[in-house]
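Topology and contacts: notes
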Amino acid sequence: MINGSIVALITPMNSDGSVDFASLESLVEFHIANGTDAIVAVGTTGESATLPMKEHINVVAKTVEYAKGRIPVIGGNGANATAEAIELTQALSATGVAAMLGVTPYYNKPTPKGLVAHYKAVAAATDIPQILYNVPGRTALDMKPETVAELCDVANIIGIKEATGDVSRVARLRELCGPDFLLYSGDDATAREFLLAGGDGVISVANNIVPAQFKKMCALALAKDIDGSFAADEPMRGLYSTLFCEANPIPVKWAAHRMGLIKDGFIRLPLTELSESCHGLLLDAMKKAGLEV
């Protein structure tokens, strides 16, 4: 069972736009050293939207290779065309990933019936565990708990990343899907409350730069330590907003480069480097989180 503090890993890139595999390997080691419980490779934060399929698969495979079985790797397998998601899923099945994370089909706005058919088709294409991913702010589509309930009995659909920020969904999903269906927060700002409400883990953006602190907060919240988890969470709260002062992963890549975690902060078009107006805000939030910048 994958639970706790999970990083939505950035994909480091060189100034010419190519993937920086040396920095990727260093990031994997950084997260293992700091106690991160699992890595999501090439999700939204990993710039899945701008990595062609062959490159996408290679980055996931390299992440698994660098992990050497020391930390589970979850590969992003979402697409807005079911046939493409199936092709990606079948390719990732050969990489050694522990699970896959599939975002709801974006832009074309399928009905609940279409969502159920999509995820069942993807799950049927592999034996690897599948995690649903609901992020309406990105996809213009909200997968309701009642739709999730139609999928939770599929043998290899094991959980959902819920990124609405609506903590009340934990109780509703538990009611509909039972105690063994894994519930992951995809919203750093409400992650502590999500875990205290009965969630199993957090797939986090902030975790890229504060892994030890974030791991501590998650562990305390999972142990239902209200005061301890609050004390651990409070210094990071400024990061939760400023890391979204522009579209993710623009700010977190800038922060990671500033910390020396990656050689270059390059990000692929149509995203561009962090605006100067955000630099001071992010630096201040990083300092309050205890980072040396």
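Per an unreviewed UniProt entry, the protein goes by 4-hydroxy-tetrahydrodipicolinate synthase and derives from Shewanella khirikhana. Annotation of the protein in UniProt includes, under Catalytic activity (unreviewed entry), the sentence "L-aspartate 4-semialdehyde + pyruvate = (2S,4S)-4-hydroxy-2,3,4,5-tetrahydrodipicolinate + H2O + H(+)". Regarding the protein, the UniProt comment filed under Sequence similarities (unreviewed entry) reads as follows: "Belongs to the DapA family."

1. Quick word on the packing of helix H1 (residues 21-33) against helix H2 (residues 53-67)
Where H1 contacts H2, the axes come no closer than 9 Å and their chain directions differ by 45°. Considering the angle they form, H1 stands oblique to H2. Of the two possible hands of crossing, H1 and H2 adopt the one that is right-handed. Judged by residue contacts, Phe21, Leu24, Glu25, Val28, Glu29 and Ile32 of H1 engage Asn58, Val59, Lys62, Thr63, Tyr66 and Ala67 from H2. In the contact of H1 with H2, the residues fall into seven nonpolar, two polar and three charged.

2. A word on the pairing of strand S4 (residues 99-103)
With five of its five residues buried, S4 lies for the most part within the structure. Bridge count for strand S3 (residues 73-76) against S4 is three bridges, and the pairing is parallel. Its bridge partner lying in S4, Gly76 is registered against Leu101. In the classification by handedness, the crossover that spans S3, the intervening helix H3 (residues 82-92) and the parallel S4 is right-handed. Bridge count for S4 against strand S5 (residues 130-134) is four bridges, and the pairing is parallel. Within S5, the position partnered with Leu101 by the bridge is Ile131. Following the chain from S4 across helix H4 (residues 112-124) to the adjacent parallel S5, one finds a crossover that is right-handed.

3. A short note on the packing of helix H9 (residues 211-222) against helix H10 (residues 226-233)
For the pair H9 and H10, interaxial distance at closest approach is 8 Å and the crossing angle is 165°. Of the possible angle classes, the one that applies to H9 and H10 is roughly antiparallel. The handedness of the crossing between H9 and H10 comes out as left-handed. Between H9, through Lys216, Met217, Leu220 and Ala221, and H10, the contact on the second element is made entirely by Gly228, Ser229, Ala232 and Asp233. Its residues assigned to classes, the contact of H9 with H10 comprises four nonpolar, two polar and two charged.

4. Looking at the state of the cysteines
Counted according to the given criterion, the structure contains zero disulfides. Left unpaired, Cys152 is separated from the closest cysteine sulfur, that of Cys177, by 3.5 Å. Looking at Cys152, the relative accessible area reads 12%, which means it is buried. Its sulfur unpaired, Cys278 is 3.1 Å from the next cysteine sulfur, which belongs to Cys245. Residue Cys278 is classed as buried on the basis of its relative accessible area of 8%.

5. Let's talk about the UniProt feature "site: Part of a proton relay during catalysis" (unreviewed entry) in the protein
As annotated by UniProt and renumbered to match this structure, "site: Part of a proton relay during catalysis" (unreviewed entry) occupies Thr44 and Tyr107. Counting through the fold element by element, Thr44 comes out in the loop between strand S2 (38-41) and H2. Given the relative accessible area of 24%, Thr44 is considered partly exposed. Filtering out sequence-adjacent residues up to four positions away, Thr44 remains in contact with Tyr133, Arg138 and Pro249. Inspection of the secondary structure assignment puts Tyr107 in the loop between S4 and H4. Ignoring any residue separated from it by four or fewer positions in sequence, one finds Tyr107 in contact with Asn80 and Thr139.

6. Concerning the side chain of Glu47
Tracing the sequence through the fold places Glu47 in the loop between S2 and H2. Setting aside chain neighbours within four positions, we find Glu47 in contact with Thr11, Met13, Pro249, Lys253, Ile267 and Arg268.

7. Comments concerning the sheet that holds strand S7 (residues 182-185)
Spatial strand order, S1-S2-S3-S4-S5-S6-S7-S8: eight strands in a closed barrel with parallel pairing. Geometrically, the sheet is characterised by an average inter-axis angle of 25° between neighbouring strands, direction not taken into account. Pairing of strand S1 (residues 4-8) with S2 involves three bridges; the strand directions are parallel. Across the sheet, the residue bridging to Val7 is Ile39, located in S2. Set on the sheet, H2 makes contact with S2 and S3; between it and S3 the angle comes to about 180°. This element, H4, spans S4, S5 and strand S6 (157-162) of the sheet and lies at about 155° to S5.

What counts and what doesn't
Residues numbered from 1 in each chain as written. Predicted model: local features only at pLDDT ≥ 70, side-chain atom pairs only at ≥ 80, totals over all residues. Heavy atoms only, no water. UniProt positions renumbered as here; feature names shortened; annotations may be inferred. Axes fitted to C-alpha atoms, helices over the stretch in contact; angles between N-to-C directions. Helix = DSSP H or I, 4+ residues; strand = E, 2+ residues; numbered from the N terminus. Parallel < 35°, antiparallel > 145°, perpendicular 65-115°, else oblique. Left-handed = near helix turned anticlockwise from the far one by under 90°. Contact = heavy atoms within 4.5 Å. Nonpolar A, V, L, I, M, F, W, Y, C, P; charged D, E, K, R; others polar. Buried < 20%, exposed > 50% of the residue type's maximum accessible area, 1.4 Å probe, protein only. Pairing = 2+ DSSP bridges. Right-handed = clockwise from strand over helix to strand, strands pointing away. Disulfide = S-S within 2.5 Å.

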